[in-house]
Structures are given as structure tokens and as C-alpha cells.
Amino acid sequence: MLVYRVREGESLQDVARKFGVRAEKILADSNCAPDQFDRGICLLIRRPEGREYVVKPFDTLQSVAEKFGVSKEKIMSDNRLDSPYIFIGQKLYL
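In this text, all values refer to a predicted model and were calculated from it rather than measured experimentally.

Reading the values: rules and limits
Residues numbered from 1 in each chain as written. Predicted model: local features only at pLDDT ≥ 70, side-chain atom pairs only at ≥ 80, totals over all residues. Heavy atoms only, no water. Helix = DSSP H or I, 4+ residues; strand = E, 2+ residues; numbered from the N terminus. Buried < 20%, exposed > 50% of the residue type's maximum accessible area, 1.4 Å probe, protein only. Contact = heavy atoms within 4.5 Å. Polar contact = N/O pair within 3.5 Å; in protein donor to acceptor, adjacent residues only side chain to side chain. Phe/Tyr/Trp six-rings, centres within 6.5 Å; stacked < 30°, edge-to-face > 60°. Patch = residues over 30% accessible without salt bridge, like charges linked within 9 Å, V, L, I, M, F, W, Y side chains within 5 Å. Areas by Shrake-Rupley, 256 points an atom, 1.4 Å probe, with all protein chains shown as cover. Salt bridge = Lys/Arg side-chain N within 4 Å of Asp/Glu carboxyl O.

Student: Lay out the environment of Glu-10 with the relevant residues and their values.
Tutor: In this fold, Glu-10 is placed in the loop between β1 (2-5) and α1 (12-19). For Glu-10, a relative accessible area of 17% puts it in the buried group. Between the alpha carbons of Glu-10 and Asp-38 there is a distance of 8.3 Å; along the sequence they are 28 residues apart. Filtering out sequence-adjacent residues up to four positions away, Glu-10 remains in contact with Tyr-4, Arg-5, Val-15, Lys-18 and Phe-37. Separated by 2.8 Å, the side chain of Glu-10 and the backbone nitrogen of Arg-7 make a polar contact.

Below you can see the structure in the form of C-alpha cells.
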């Protein structure tokens with residue numbers, strides 16, 4: 001589980017899409033009502049296990065790590081990468 005702070009202009013649906021979880025699940029895990037959702041609130045996100053991500057143009061290992069709230073080192077370890085370079089179309093397990 002990770003803690004995520006809502007940024008300016010983000011909607012609950014934006015956060016749900018970012019992490020691939022249902023909005024209702026985020027609210028339930030965070031013990032939060034929809035009317036409490038606002039910039040700066042901290043949400044608890046329970047990510048699905050075994051998530052797969054396909055590298056897109058302009059992705060870097062750092063940007064993927066930030067997007068999913070994990071460290072570059074964990075992605076490298078989980079995917080047995082010898083270097084931080086990733087390629088378009090490459091599958092990463094998070």
C-alpha cells in the first residue's frame with residue numbers, strides 16, 4: 001500500500017486511472033467520503049499485485065517509478081535489469 005497526496009487539478013478518476021484501481025476502492029481504503037476529496041489530501045492506494053506496464057515513448061525508468069510510486073531500484077530488481085535504460089514496448093512488472 002502506498003500513500004498518495006492529491007495534486008492541484010486532479011480528480012478522483014484521474015488518481016484511479018493512474019494506479020489502475022477503482023475510485024470506490026481508493027475511497028474505502030482511505031476512509032474518505034467523495035466530498036472530502038481535494039488537493040493535498042493523502043489517500044491510501046492498494047495496488048494490484050503482479051501489475052504489468054508497457055513502456056511508452058518518452059518514458060524513463062524514473063518517470064515510470066514516480067507514476068507507480070515505487071523506486072527505480074525496485075523496478076530494476078523485480079525485472080532483473082542490469083541498467084536503468086528501458087525501451088518502447090518493453091514490459092515491466094511492478
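Student: Go over the packing of aromatic side chains, please, and point to the residues and values.
Tutor: Applying the stated criterion across every chain, the model contains 1 aromatic pair. Judged by centre distance (5.2 Å) and plane angle (65°), the ring pair of Tyr-53 and Phe-68 falls under edge-to-face. Placement of Tyr-53 in strand β3 (residues 52-54) and of Phe-68 in helix α3 (residues 61-68) is noted, with a sequence separation of 15 residues between them. Taken as a pair, Tyr-53 and Phe-68 share a single burial class, namely buried.

Student: Describe a nonpolar patch on the surface, and please don't skip the residues or the numbers.
Tutor: Together, Met-1, Val-3 and Leu-44 line one region of the surface with nonpolar side chains, adding up to about 290 Å² of accessible area. Inspection of the secondary structure assignment puts Val-3 in strand β1.

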